[in-house]
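Chain by chain, the residues:
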Amino acid sequence: MTSESLTLDKPRSPRRPAARRNNFELYSWLFMRISGLALVVLVLGHLFIMNILDDGVHRINFAFVAGRWASPFWQAWDLIMLWLAQLHGGNGMRVIIEDYARKPTTRFWLKMILYASIVLILAVGTLVIFTFNPNISG
């Protein structure tokens, strides 16, 4: 057996500079697993309460949401679900951008758009949950 038969072809993907030696990707991986488990509980609980209990979706209206968000427990439930879902999905999109965007400038701008949308949705969603006023006069 010759040494020529044991050589590997060069990889087809372009080489990237060596990553900094920190544990961000490890923490990101752990966050995805933990947040995924938490989201399963939160989302299934949400679906069960909203769609199956009592009269199901037929009871959901403005008064139902106002009554639900009058409780700090349900505000916290929905806030945690919003934040975990947004950060979990945003982290997944970040990984996809890292994997598929070839040019560094394209990767940079796609991630900036992603981060801006995450911040905007978290800010608006949090604002709505905490400033919801059930006493609309009109």
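Since the structure is predicted, the reported quantities are computational estimates derived from the model, not experimental observations.

Right, let's get into the overall build of the protein. Counting its secondary structure elements, the protein contains four helices and zero strands. Secondary structure of the protein in N-to-C order comes out as α-α-α-α. Counting every position in the protein, which comprises 138 residues, the buried fraction comes to 25%. When contacts within the protein are restricted to residue pairs at least 6 apart in sequence, those whose partners lie at least 24 apart make up 71%.

Quick look at helix 4 (residues 104–131) now. Over its 28 residues, helix 4 runs 40 Å from end to end, which matches the ideal 40 Å to within 8%, given 1.5 Å per residue. Of the residues making up helix 4, those classed as buried are R107, K111, L114, I118, L122, G125, T126 and I129. Elements that come into contact with the buried residues of helix 4 comprise helix 3 (72–100).

This part is about the pattern of salt bridges. Applying the stated criterion across every chain, the model contains three salt bridges. Its salt-bridge partner being E25, residue R94 comes within 3.0 Å of it at the nearest N-O pair. Of the two residues, R94 sits in helix 3 while E25 sits in helix 1 (residues 24–52), which places them 69 residues apart along the sequence. Using a relative accessible area of 7% as the deciding quantity, one classes R94 as buried. In this structure, the salt-bridge partner of R68 is D78, at a minimum N-O distance of 3.1 Å. Taken together, the positions of R68 in helix 2 (residues 62–68) and D78 in helix 3 put the pair 10 residues apart, joining distant regions of the chain. Since its relative accessible area comes to 7%, R68 is described here as buried. The class of D78 is buried, set by a relative accessible area of 10%.

We now examine the confidence of the model for the protein. For the protein, per-residue confidence averages 89 on the pLDDT scale, and 86% of positions sit at 70 or higher. The element-level mean pLDDT for the protein is lowest in helix 2, coming to 89, with helix 4 highest at 97.

Among the surface-exposed residues, L26, Y27, W29, L30 and I34 lie close enough to one another that they form a single nonpolar patch of about 550 Å² accessible area. Here I34 lies in helix 1.

Quick look at the side chain of K111 now. Note on placement: K111 falls in helix 4. Setting aside chain neighbours within four positions, we find K111 in contact with R94, I97 and E98.

For T126, the position within the fold is in helix 4. You can call T126 buried: its relative accessible area is 17%. When sequence neighbours within four positions are dropped, the list of residues in contact with T126 reads L79, L82 and W83.

Thresholds, definitions, all that
- Residues numbered from 1 in each chain as written.
- Predicted model: local features only at pLDDT ≥ 70, side-chain atom pairs only at ≥ 80, totals over all residues.
- Heavy atoms only, no water.
- Helix = DSSP H or I, 4+ residues; strand = E, 2+ residues; numbered from the N terminus.
- Buried < 20%, exposed > 50% of the residue type's maximum accessible area, 1.4 Å probe, protein only.
- Contact = heavy atoms within 4.5 Å.
- Expected span 1.5 Å × (residues − 1).
- Salt bridge = Lys/Arg side-chain N within 4 Å of Asp/Glu carboxyl O.
- pLDDT = per-residue confidence, 0-100.
- Patch = residues over 30% accessible without salt bridge, like charges linked within 9 Å, V, L, I, M, F, W, Y side chains within 5 Å.
- Areas by Shrake-Rupley, 256 points an atom, 1.4 Å probe, with all protein chains shown as cover.

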